[in-house]
Structures are given as structure tokens and as C-alpha cells.
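Descriptive structure summary
Next come the chains, spelled out residue by residue.
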Amino acid sequence: MSDRGILSSLRYLFADFIGEDDDTPPFLPEGLPEPVMAVASDAIHLLINYQGTSYAELYVHRLRRFVGKQGVDEVMLTEIARLMAVRMTYEDPIRIAQLKLAELDGRPGAPAGSVDVRKFRLEELIGALPAVIAEYLLDALEWAGWLHKRVSIRFSTASRFGIRRLKIEAGLRRWRLLSVRYAKERVWVERWLHMIDRSLTKQPQAAPAIVQTATMIEGYGDVYRQGLADWNAIIDGLVKPTFDGVLALTDLAGAVTEARAAALPDPQQAALKRKIAEIRARLPAGSNAA
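In this report, we go over the structure that sits alongside the text. (Residues numbered from 1 in each chain as written. Predicted model: local features only at pLDDT ≥ 70, side-chain atom pairs only at ≥ 80, totals over all residues. Heavy atoms only, no water.)

1. With respect to the packing of aromatic side chains
Inspection of the entire model under this criterion finds seven aromatic pairs. With centroids separated by 5.6 Å and ring planes inclined at 10 degrees, the aromatic side chains of W188 and W192 adopt a geometry described as stacked. With W188 and W192 both in helix α9 (residues 180-202), this residue pair falls four residues apart, about one helical turn. Aromatic rings pair up to connect Y50, Y55, Y90 and Y182 into one cluster. Looking at R87, its charged tip hangs above the ring of W188, at a distance of 5.9 Å from the centre. The ring centre of Y50 lies 3.8 Å from the NZ or CZ of R176, which sits over that ring. (Phe/Tyr/Trp six-rings, centres within 6.5 Å; stacked < 30°, edge-to-face > 60°. Helix = DSSP H or I, 4+ residues; strand = E, 2+ residues; numbered from the N terminus. Lys NZ or Arg CZ within 6 Å of the ring centre and 35° of its normal.)

Structure follows, in C-alpha cells:
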């Protein structure tokens, strides 16, 4: 992650935290192609609802880096705008509470109260808290051997108590940008954008495939952790070494697609690791020195 990315994230984080956020939506980036405007506009409103205006401004700042950039056409920019919004609205317990409360919109015919039960690891629940608190709790859980313990959490609109609890959970939104989980997501988004940037310079034809790797990461729990681990394996095993000149992969897009097809819901990543090794082994001698 670049220093510029870190400083930008921190700037918008503290604007939200100390209360300098206002209700004025940020302007779309200048020069944004018309087909991308609708996607970016929807993303801004989504991010304001998810976290706040300054968070939407961070999205605009990130998107602006690719507006008018050589090699980025309207299709690619649309996908960057769409997928970045998806990742910036990652699914944590706070978000689930927000979405559950949204079911109570007061409209005639609105669904009756209901209960959703989600399973999380304790580390995920604690990870949604501010890091200054969470780090001590995570250390304690690790010491006790409970870090990966699964617990079931009820998200209920079926009672006043359930709704009140949802409001408390959704209210933690204010602290989300100080959480352990957000720190990890911030690093991931910036690295994804950095890899797109490097692809546009080193191997432009692979850039669309790099953009689409964002779809590997979704949800929460085991699905989220597996997707993140697989993404890192492909980036570290194929993409970054190619950009660094360690691998002579002339068809990086094809290699990424091939590796993604081998990714299975396996915590050991056996099939994916074999496929990455196989792709590297096919390269000419002397081009696989990593």
C-alpha cells in the first residue's frame, strides 16, 4: 500500500471521527464518462448510508486516480467504480444490523418482524471494535484458545428488545473506521488499486482480469477468509512477481483466470497452490527465480 493511500484513508477516517463530516454528498470526479456516472452516484449514496460523507469522499478520491488514465476505458472504469463500492461496503456485524433495520421502513405491506441467525468467529465480532480495545481482547482470546470459536448471533426485528439491540449495533458505525477489520480492508483496497495501476503500466491487457479479482472476496466468516487467502495467493504467486520482473508471464490475464478456476473452498489451498506451481513451472528456464 502506498504512502499516499494511507494518508488519504487516515484523512477521511479522522474527518468522520472528530465530527467534521457533513451531509453534502461529494461531487463526482471531473471528466467522469457519462456511462460511469450512474454507477458512481449510486455508490456515493450507498457509502454515505454505510459510513458517512467523508467515507464517500474517500471513494471519490480513489476513483479519481483512474479517470482519464491511459488504458482505462469506460467499461474498466465502470467495473472499478462498481467493485470498489462493493468492497468498501464489506459485510460486518454492523452492516448486517443496518440492513436488518432497513427492513422496518414503515411502508404499508412492509415485512413483519423476523430473525436472522448468523455465525461468526469471535475474532470477527471483536474485530469490528476499535483497535485500541480489540487488540487486548484478541490477545486474551488467543491465549485462551477461543479466537476461532464460532458463535451464533441473532439479528431480530421481531421484538422491541431485538430492534433496540440492532440500533446499538448499527450505532457502532461511528467507530468502524477505527476497527481492526477496517484497517485490513483499507490495506486490501489500496493493494488492489495498486495492482491495477501496475498492470496498466506493465501489462495493460491483464488489467481487466486484475480488476475482476475483487469478486473473489465477499461475505463474512469462512467464505470471506477463503476468498482473501486465495486472492493473496494469486497476487503473491503470479501477479506481483510478473510486475517485479521475476516471472516472464506474457499472458498474465490467462494465468490469473486459470488459477482462479483452481481455487476451491479448501483452507489448505492445495489445488490452488498446485496450479500456481504448475503455471510457474511452464515458464522458460531462468524466468522463475522467486
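2. Things to note about the pattern of salt bridges
Following the criterion strictly, the structure yields 23 salt bridges and no others. For R62, the salt bridge identified is with E190, shortest N-O distance 2.9 Å. Of this pair, R62 sits in helix α3 (residues 53-64) while E190 sits in helix α9, placing them 128 residues apart in sequence. With respect to class, R62 is no different from E190; both count as buried. The shortest N-O distance in the salt bridge between D222 and R225 comes to 2.4 Å. (Salt bridge = Lys/Arg side-chain N within 4 Å of Asp/Glu carboxyl O. Buried < 20%, exposed > 50% of the residue type's maximum accessible area, 1.4 Å probe, protein only.)

3. Some points on unusual backbone geometry
In this structure, Q269 takes a positive phi of about 55 degrees despite not being glycine. By the secondary structure assignment, Q269 is in the loop between α12 (252-262) and α13 (270-281). For Q269, a relative accessible area of 10% puts it in the buried group.

4. Notes on a nonpolar patch on the surface
Together, V132, I133 and L137 line one region of the surface with nonpolar side chains, adding up to about 270 Å² of accessible area. Residue placement: I133 occurs in helix α7 (residues 131-144). Looking at I133, the relative accessible area reads 45%, which means it is partly exposed. (Patch = residues over 30% accessible without salt bridge, like charges linked within 9 Å, V, L, I, M, F, W, Y side chains within 5 Å. Areas by Shrake-Rupley, 256 points an atom, 1.4 Å probe, with all protein chains shown as cover.)

5. Structural notes on the packing of α9 against helix α11 (residues 221-243)
Running from N to C, α9 and α11 point in directions that differ by 30 degrees, and their axes come no closer than 12 Å. Remark: the crossing between α9 and α11 carries left-handed chirality. On α11, the residues touching R181, E185, W188, R191, W192, M195, R198, S199 and K202 of α9 are Y224, L228, W231, N232, I235, D236, V239, K240 and F243. A per-class count over the contact of α9 with α11 returns nine nonpolar, two polar and seven charged. (Axes fitted to C-alpha atoms, helices over the stretch in contact; angles between N-to-C directions. Left-handed = near helix turned anticlockwise from the far one by under 90°. Contact = heavy atoms within 4.5 Å. Nonpolar A, V, L, I, M, F, W, Y, C, P; charged D, E, K, R; others polar.)

6. Quick notes on the nonpolar core
Core analysis: the largest hydrophobic core is formed by 60 residues, its most contacted members being Y55, Y59, L63, W192, I196 and V239. Where this core is concerned, the elements lending two or more residues are α2 (34-50), α3, α4 (74-88), α9, α10 (207-212), α11, α12 and α13. In this structure I196 touches F66, I80, I210 and V211, once residues within four positions along its chain are discounted. (Core = buried A, V, L, I, M, F, W, Y, C linked by side-chain atoms within 4.5 Å.)

7. Points about α4
Helix length check: α4, at 15 residues, gives a terminal C-alpha distance of 21 Å against a target of 21 Å (1.5 Å per residue), a fit within 8%. Turning to α4, its buried residues number three or more, namely M76, L77, T78, E79, I80, A81, L83, M84, A85, R87 and M88. As for α4, its buried residues are in contact with α2, α3, α9, α10 and α11. For α4, the N-terminal capping position is held by D73, with its side-chain oxygen 3.3 Å away from the main-chain nitrogen of V75. (Expected span 1.5 Å × (residues − 1). Polar contact = N/O pair within 3.5 Å; in protein donor to acceptor, adjacent residues only side chain to side chain.)

8. Focus: α13
The end-to-end C-alpha distance of α13, which contains twelve residues, comes to 16 Å, matching closely the 16 Å that a straight helix rising 1.5 Å per residue would cover. Of all the residues in α13, the buried ones are A271, L272, K275, I276, I279 and R280. Looking at the buried side of α13, the elements it contacts are α11 and α12.

9. Concerning the environment of P29
Residue position: P29 is located in the loop between α1 (3-17) and α2. Separated by 32 residues in the primary sequence, P29 and H61 place their C-alpha atoms 7.9 Å from one another. Not counting the four nearest positions on each side in its chain, P29 is found in contact with V60, L63, R64 and V67.

Function cannot be inferred from these measures alone, as they are strictly geometric.
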